[in-house]
Amino acid sequence: MSTPFHSLSHPSPLDYGRLHPSSSDPPRRRSCLLIALLLIGSLLVVAAACGVIAAVKSSKRAHGAGQGRSPTPAMRKACGLTRYPDLCLASLLNFPGATAAGDPRQLAHISMNITLRHFGQALSASTEIGNWQMGTMARSAYEDCLELLEDSVDLLARSLVTVSPAVEEQSIGNGATQGGSKEDVITWLSGAMTNQDTCVEGLNNVGGAVKDEMGQRLKDLSELVSNCLAIYAATSGLDDFSGTPIQNRRRRLLGSGPEPNPELKYDPEFPGWMSRAERQLLGTPTQSIQADIIVAQDGSGTVRTISEAIKQAPEYSPRRVLIRVKAGIYAESYLKVGRKKTNIWLLGEGVGRTVITGNKSVAHDNITTFHTASFAATGAGFVARGITFSNEAGPWNHQAVALRVGADRAVIYQCEVKGYQDTLYVHTQRQFYRECDIYGTVDFIFGNAAVVFQNCTMWARKPMLFQKVTITAQNRKDPNQNTGMSIHACWTRPTSDLAPAKSSYPTYLGRPWKPYSRVVYMESYIGDHVDARGWLEWNATAPTDMLYYGEYGNFGPRA
């Protein structure tokens, strides 16, 4: 049983090893010099978010300074690595001092500086039309873009701090510096590119002046990040696909060896970014945890709503902020743990008992998919346990997200995510899901995070008439992004309404949303509701030659 999909490897570290200390671990002793560097880095981040426009104006005054200058060999070599070499050369020539850079790492640093300035300018210019009259969809797309631009400025600023020559000289091992590691930079740049793509996709559903004006302000941003990513990836020496065999492009049944027990749970393992204390805390009953904030609708806690709890949580917290959410159905409008709310732990009392629900959808509310989420999290270090996230819009309202995550180093543990089309939006950055149940119909796990699912069950629900069920829709757009979906020791099963009608509604392991889509199923159970082809094309004309769709060591009727 053959599949039309080809596979191609690229240098793209997924960073799930035990390489980095937890953000909640006690800080190391640092010399005065390193403290000064961190202070400088913090100032750079603040400048990027608030005052980068002054630098942009200076850059605009210098625009044209590169006229008549010829690219250096170092520039040509660096830009030759990119997908947009003409833009790369033009932007470097317009940057003062770039012609003096001979080291590729210096050019990577300059490229990030240029890109950060452009994003800062785009953010400032975009706020100028905030008072315009806009329809519901246009306003939704516009607000998405502002949020995503702010997040990208933060990601680019942290990347710039990390690759600063002064900071790189103070390496703390494992490829990490005081600003972050090489893997961090690849993750942050990948996230910034995805943010920009999401913004543009929302605007594509909007006509008129808003789309045109925003298009001018956002010009070349995605391409600039792509160039940064290409140059930095080439100089970082990272390659997580080294040695991975890609020549076998067939689906095949397992041999006659013993089948793994589908009920057997793997030993508890969590990503290396979680400390031992955090892993132990995840195994502690919620009622036994001394929480910082307790949410209870009956008034027995410190607050009555989840939104109040998030508001009370400190910004940029270096330690865990434990929020216990007592049993109840929480139907609050657009719940979000924003970028500034770091290390938030949302601890429920079990799936079906602590329920966060909503019913927003693209079709009914005329808003972007990004905006439909019943709950969203973008603050780094976000953890959720023992909660049901649900979107009750129904299959007839099309895209309706129950949970959207763009938080770096997020962990979702023993949760339930229920919806129909576009249930779980694994938007960006590094994420880990363990022992979760995920329900849906069309593309019900989608996005461009570097995400691992382990010991989870993907429940295919009965879709609308003439629809097919697709479990994943991964949207990796650039070959240097470190993103993809790894589905390990999981189960694909039909719900009770689909099981008797499975021959009329075929289920597929996934379809490629973007040309470099990357998904791997390994050591997982593939049920008989899955079509024998395994995978589905996005459409008749979408290219399939740059995908990486893999299956390894799976078992079950359709393995």
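Looking at an unreviewed UniProt entry, one finds the protein chain named Pectinesterase and attributed to Opuntia streptacantha. UniProt's Pathway (unreviewed entry) comment on the protein chain is quoted here verbatim: "Glycan metabolism; pectin degradation; 2-dehydro-3-deoxy-D-gluconate from pectin: step 1/5." UniProt's Subcellular location (unreviewed entry) comment on the protein chain is quoted here verbatim: "Secreted, Cell wall".

Student: Lay out the packing of aromatic side chains with the relevant residues and their values.
Tutor: Counted by the stated rule, this structure contains 13 aromatic pairs. Taken together, F370, Y425, F446, W513 and W538 form an aromatic cluster joined through their ring pairs. For R320, the ring lying beneath its charged end belongs to W345, and the centroid distance is 5.9 Å. It is K418 that lies over the ring of Y439; its NZ or CZ is 5.2 Å from the centre.

Student: Please provide a residue-by-residue account of the nonpolar core, values included.
Tutor: Counting residues in hydrophobic clusters, the biggest one holds 63 residues, and the most contacted among them are L92, I110, M112, L189, M214, L218 and Y232. Contributions of two or more residues to this core are made by α2 (73-79), α3 (85-93), α4 (104-127), α5 (136-163), α7 (182-203), α8 (209-217) and α9 (221-236). By residue number, the principal contributor to this core is α5, which donates 14 residues. With residues near it in sequence (within four places) discarded, I110 still touches L92, F95, A98 and A101. In terms of nonpolar packing, the next biggest core, distinct from the first, is built from 58 residues, A313, I471, L498 and L509 among them.

Student: I'd like to hear about the environment of G130, residue by residue, with values.
Tutor: Secondary-structure assignment places G130 in the loop between α4 and α5. In contact with G130, not counting residues within four places along its chain, are R139 and Y142.

Student: Kindly report on α3, identifying the contributing residues and their values.
Tutor: An α-helical turn contains 3.6 residues, so a residue and the one three or four places further along point in the same direction. Along α3, the residues that are buried comprise C88, L89, S91, L92 and L93. Tucked inside the fold, the buried residues of α3 contact α2, α4 and α9.

Student: Now, about the pairing of strand β5 (residues 344-347): what can you tell me, with residues and values included?
Tutor: Taking every second residue as pointing to the same face, both faces of β5 are buried, with I344 and L346 on one and W345 and L347 on the other. Across 4 bridges, the pairing between strand β2 (residues 321-325) and β5 is parallel. In the sheet register, R324 faces β5, and the bridge partner there is L347. Where β5 lies against strand β8 (residues 383-385), 3 bridges are found, and the strand directions are parallel. Counted as the bridge partner of W345 is V383 from β8.

Student: Explain the sheet that holds β2 to me, and be specific about the residues and the numbers.
Tutor: One open sheet holds the 10 strands; their spatial order is β1-β2-β5-β8-β11-β14-β17-β20-β23-β25, and the pairing between them is parallel. In this open sheet, the two edge strands, each paired with only one partner strand, are β1 (293-295) and β25 (548-552). On average, each strand axis in the sheet is inclined to that of its neighbour by 10 degrees, with strand direction left out of account. Inspection of the sheet shows β8 paired to strand β11 (residues 410-413) by 3 bridges, in the parallel sense. Counted as the bridge partner of A384 is I412 from β11.

Student: Quick rundown of the pairing of strand β17 (residues 450-454)? Include the residues and the values.
Tutor: Counting buried positions along β17 yields 5 of 5 residues, so the element is predominantly enclosed. Alternating positions in β17 separate into two faces, A450, V452 and Q454 on one and V451 and F453 on the other, with burial throughout. As defined by bridge partners, strand β14 (residues 430-434) adjoins β17 across 5 bridges and the pair is classed as parallel. Bridge pairing links R434 to Q454 in β17. In the sheet, β17 pairs with strand β20 (residues 484-488) via 5 bridges, with the strands oriented parallel. The residue bridging F453 from the neighbouring strand is I487, located in β20.

Scoring rules and cut-offs
Residues numbered from 1 in each chain as written. Predicted model: local features only at pLDDT ≥ 70, side-chain atom pairs only at ≥ 80, totals over all residues. Heavy atoms only, no water. UniProt positions renumbered as here; feature names shortened; annotations may be inferred. Phe/Tyr/Trp six-rings, centres within 6.5 Å; stacked < 30°, edge-to-face > 60°. Lys NZ or Arg CZ within 6 Å of the ring centre and 35° of its normal. Core = buried A, V, L, I, M, F, W, Y, C linked by side-chain atoms within 4.5 Å. Buried < 20%, exposed > 50% of the residue type's maximum accessible area, 1.4 Å probe, protein only. Helix = DSSP H or I, 4+ residues; strand = E, 2+ residues; numbered from the N terminus. Contact = heavy atoms within 4.5 Å. Pairing = 2+ DSSP bridges. Axes fitted to C-alpha atoms, helices over the stretch in contact; angles between N-to-C directions.

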